[in-house]
Amino acid sequence: VQLQAFGGGLVQAGGSLRLSCAASGSRLRVNTMGWHRQAPGKQRELVAEITNGGNTNYRDSVKGRFTISRDNAKNTVYLQMNSLKPEDTAVYYCNARSNNGLNNYWGQGTQVTVSS
């Protein structure tokens, strides 16, 4: 199973970026896909996640600014990030997991840098 993330970059505060992550593999059995991030010196934290039924969960600091979506047919998850702030700067990691906890996969990470 592989998760390949795209879309990071450098943007000014107030700008937008869209991340995408495609999951592939013959043994792919996942229910929830999402994005986590890790800033220097900080722990990795959940940003947003979405189930295969479309239920979403966001951390409070991104609510109203970030939107997570998913294309189940393509096993792809997207994160539209608007009104970006310098504190959103981090490496963003794609995650895909099964609800029973048996499968938990991570992508390679993509850098998002927001300048003030």
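Asker: Just give me the short version of the state of the cysteines, but keep the residues and values in it.
Answerer: Scanning all chains against the criterion turns up one disulfide. Covalent S-S linkage joins Cys21 and Cys94, the inter-sulfur distance amounting to 2.1 Å. Between Cys21 and Cys94, the S-S torsion sits near -85 degrees, and that sign places the bridge as left-handed. With Cys21 in strand S3 (residues 17–24) and Cys94 in strand S9 (residues 90–97), this pair connects stretches of sequence that are 73 residues apart. The class for Cys21 is buried, based on a relative accessible area of 0%.

Asker: Tell me about the packing of aromatic side chains, and please be specific about residues and values.
Answerer: One pass over the structure, following the stated rule, counts zero aromatic pairs. It is Arg44 that lies over the ring of Tyr93; its NZ or CZ is 3.7 Å from the centre. The aromatic ring of Trp106 is capped on one face by Arg44, whose charged end is 4.6 Å from the ring centroid.

Asker: Outline the pattern of salt bridges, supporting the account with residue identities and numerical values.
Answerer: Any two side chains of opposite charge can pair if their charged atoms end up close together. Following the criterion strictly, the structure yields six salt bridges and no others. Across the salt bridge formed by Arg59 and Glu45, the nearest N and O atoms sit 3.5 Å from each other. Taken together, the positions of Arg59 in the loop between strand S6 (56–58) and strand S7 (66–71) and Glu45 in strand S5 (residues 45–51) put the pair 14 residues apart, joining distant regions of the chain. Of the residues examined, Arg59 reaches a relative accessible area of 27% and is grouped as partly exposed. The shortest N-O distance in the salt bridge between Lys63 and Asp60 comes to 3.0 Å. Asp60 sits in the exposed class, given a relative accessible area of 62%. Beyond isolated ion pairs, a larger network of salt bridges with shared partners links Arg37, Glu45, Arg59, Arg65 and Asp88.

Asker: Tell me what's going on with the environment of Gly34, and back it up with residues and numbers.
Answerer: As for its placement among the helices and strands, Gly34 is situated in strand S4 (residues 32–38). The spacing of Gly34 and Ser61 is 27 residues in sequence and 16 Å in space, taken between C-alpha atoms. Sequence-distant contacts of Gly34, defined by excluding residues within four places in its chain, comprise Ala48, Glu49, Ile68, Tyr93, Cys94 and Asn95.

Asker: Just give me the short version of the pairing of strand S11 (residues 110–115), but keep the residues and values in it.
Answerer: Of the two faces of S11, the one holding Thr110, Val112 and Val114 is buried and the one holding Gln111, Thr113 and Ser115 is not buried anywhere. As paired elements, strand S2 (residues 9–12) and S11 share four bridges and run parallel to each other. Within the sheet, the bridge partner assigned to Gly9 lies in S11 and is Val112. As judged from the three bridges shared by S9 and S11, these two strands associate in the antiparallel manner. Each bridged residue has a counterpart across the sheet, and for Ala90 the counterpart in S11 is Val112.

Procedures and definitions
Residues numbered from 1 in each chain as written. Predicted model: local features only at pLDDT ≥ 70, side-chain atom pairs only at ≥ 80, totals over all residues. Heavy atoms only, no water. Disulfide = S-S within 2.5 Å. Helix = DSSP H or I, 4+ residues; strand = E, 2+ residues; numbered from the N terminus. Buried < 20%, exposed > 50% of the residue type's maximum accessible area, 1.4 Å probe, protein only. Phe/Tyr/Trp six-rings, centres within 6.5 Å; stacked < 30°, edge-to-face > 60°. Lys NZ or Arg CZ within 6 Å of the ring centre and 35° of its normal. Salt bridge = Lys/Arg side-chain N within 4 Å of Asp/Glu carboxyl O. Contact = heavy atoms within 4.5 Å. Pairing = 2+ DSSP bridges.

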